[in-house]
Amino acid sequence: MTMEAFGFSRIPSALLIALMLAQPVWAQQDGKQESDTKTQSVQANSDSPEPAPSSAAHSVPAMTERYPKGSINSDELAEQAQVDARSLRTVLATELANAKSACYDRFFTNSCIDKAQEEYRGAIAALKPIELEAGAFQRQSRVDKRDQALAERRKQEEAEAPDRLRIAQENEQKAAEKAQSRAQQEAERQARQASDEKRLANPNERIQRHEEKLQRLREDDARKEQEIPGNIAAYEKKQKEAAERQKKVAERKAKKQAEQEAKQSKPTEPAAK
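In this text the structure is predicted, and so the values were computed from the model without any measurement.

Undergrad: I'd like to hear about the overall build of the chain, residue by residue, with values.
TA: Helix and strand counts for the chain stand at 6 helices and 0 strands. Listed by position from the N terminus, the elements making up the chain come as α-α-α-α-α-α. Within the span of the chain, comprising 273 residues, buried residues form 15% of the whole. Considering only contacts within the chain whose residues lie at least 6 apart along the sequence, 75% involve residues at least 24 apart. Total accessible area computed for the chain in this model is approximately 22100 Å², and 54% of it derives from carbon and sulfur atoms.

As structure tokens, this is what we get:
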């Protein structure tokens, strides 16, 4: 049977070839929207090495048996399910492309292609719940880990709060002391500057102060010289009084000794008969 028998004689050969080549592109576009979520998941987990597809990634029945509803309960299992789903999507897309290519050699090509696409969509629909459950578990796991990290951070901040408060108070005290020291230094500098300006404004003042100091020293020397004779007289008076006291003490001692010697030399009277 020739192409004219199917009414293709009226269609230019170039347009017919273009339509035949466009079929694989349409097949890839059918699954593009459904694979966007999986692509984002791969990008999010690109930091860690991706596990290899398991044996369940070869058919939809194997996938539904490997991942029944509610069975995804860990990050590792969720990631493996996503990997297997992406691998199976690739297998299904390849099978669809092969089926469409085979349809071009059969009668009722469009009906054959529609059937292949319907089988493909059915397989994707059966695979979709596994992908959704794995994605939901991964999102909730990220939320839980984020909340746990925030709770641990708050706990650590609360534990470190007393130390931070103490350090802040110490820094504040040091800053206040430093500001006070700077203010004192500035006041002293201004006082020195005012003194220097005053001295420069009155150059004779320093000479006058020096002369006044010399005058006070001369007056002190003169007063001390005037006090010297009085001090000598007072000293001599004290020496004279001390000599008189020593003389009186010696006289009393000599008188007392003479009385004792006279008493000892007196004869003893005889006893009465």
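Still more ground to cover, so stick around.
Undergrad: Tell me what's going on with the nonpolar core, and back it up with residues and numbers.
TA: Of all hydrophobic cores here, the largest spans 18 residues; its most connected members are M63, Y67, I72, A81, L88 and L92. Of all elements in the fold, only helix 3 (60-66), helix 4 (75-103) and helix 5 (109-201) reach the threshold of two or more residues within this core.

Undergrad: Before we move on, can you summarise the state of the cysteines with the specific residues and values?
TA: On inspection of all chains with the given rule, the structure shows 1 disulfide. Across the disulfide, C103 is cross-linked to C112 (sulfur-sulfur distance 1.9 Å). On the sign convention where negative is left-handed, the bridge of C103 and C112, at about -65 degrees about the S-S bond, is left-handed. Accessibility classification places C103 together with C112 in one group, the buried group.

Undergrad: Can you break down the packing of helix 4 against helix 5 residue by residue, with the values?
TA: Relative to each other, helix 4 and helix 5 sit at 170 degrees, their axes nearing to 9 Å. Relative to helix 5, helix 4 is oriented roughly antiparallel. Every pair of crossing elements has a handedness; the one defined by helix 4 and helix 5 is left-handed. Residues of the contact of helix 4 with helix 5, tallied by class, amount to 19 nonpolar, 6 polar and 7 charged.

Undergrad: Explain unusual backbone geometry to me, using residue names and the numbers behind them.
TA: We note that F108 has phi near 55 degrees; this positive angle belongs to a residue other than glycine. Structurally, F108 can be placed in the loop between helix 4 and helix 5.

Undergrad: Residue-level account of the environment of K69, with values.
TA: Counting through the fold element by element, K69 comes out in the loop between helix 3 and helix 4. The exposure class of K69 is exposed, given its relative accessible area of 85%. For the pair K69 and E133, spaced 64 residues apart in the sequence, the C-alpha separation amounts to 7.9 Å.

Undergrad: Quick rundown of the confidence of the model for the chain? Include the residues and the values.
TA: Summary statistics for the chain give a mean pLDDT of 79 and a share of 78% for residues scoring 70 or more. Here helix 1 (residues 13-30) stands out as the least confident element of the chain, with mean pLDDT 41; helix 4 is the most confident, with 93. Predicted confidence for residues 1-46 stays below pLDDT 50, and this span has 32 contacts to residues more than four positions away or in other chains.

Undergrad: An account of the environment of A97 is requested, with residue identities and associated values reported.
TA: Within the secondary structure layout, A97 lies in helix 4. Overall, the relative accessible area of 33% leaves A97 in the partly exposed class. Note: C-alpha distance between A97 and I113 (16 residues apart in sequence) is 9.6 Å.

Here is what the cut-offs are and how they apply
- Residues numbered from 1 in each chain as written.
- Predicted model: local features only at pLDDT ≥ 70, side-chain atom pairs only at ≥ 80, totals over all residues.
- Heavy atoms only, no water.
- Helix = DSSP H or I, 4+ residues; strand = E, 2+ residues; numbered from the N terminus.
- Buried < 20%, exposed > 50% of the residue type's maximum accessible area, 1.4 Å probe, protein only.
- Contact = heavy atoms within 4.5 Å.
- Areas by Shrake-Rupley, 256 points an atom, 1.4 Å probe, with all protein chains shown as cover.
- Core = buried A, V, L, I, M, F, W, Y, C linked by side-chain atoms within 4.5 Å.
- Disulfide = S-S within 2.5 Å.
- Axes fitted to C-alpha atoms, helices over the stretch in contact; angles between N-to-C directions.
- Parallel < 35°, antiparallel > 145°, perpendicular 65-115°, else oblique.
- Left-handed = near helix turned anticlockwise from the far one by under 90°.
- Nonpolar A, V, L, I, M, F, W, Y, C, P; charged D, E, K, R; others polar.
- pLDDT = per-residue confidence, 0-100.

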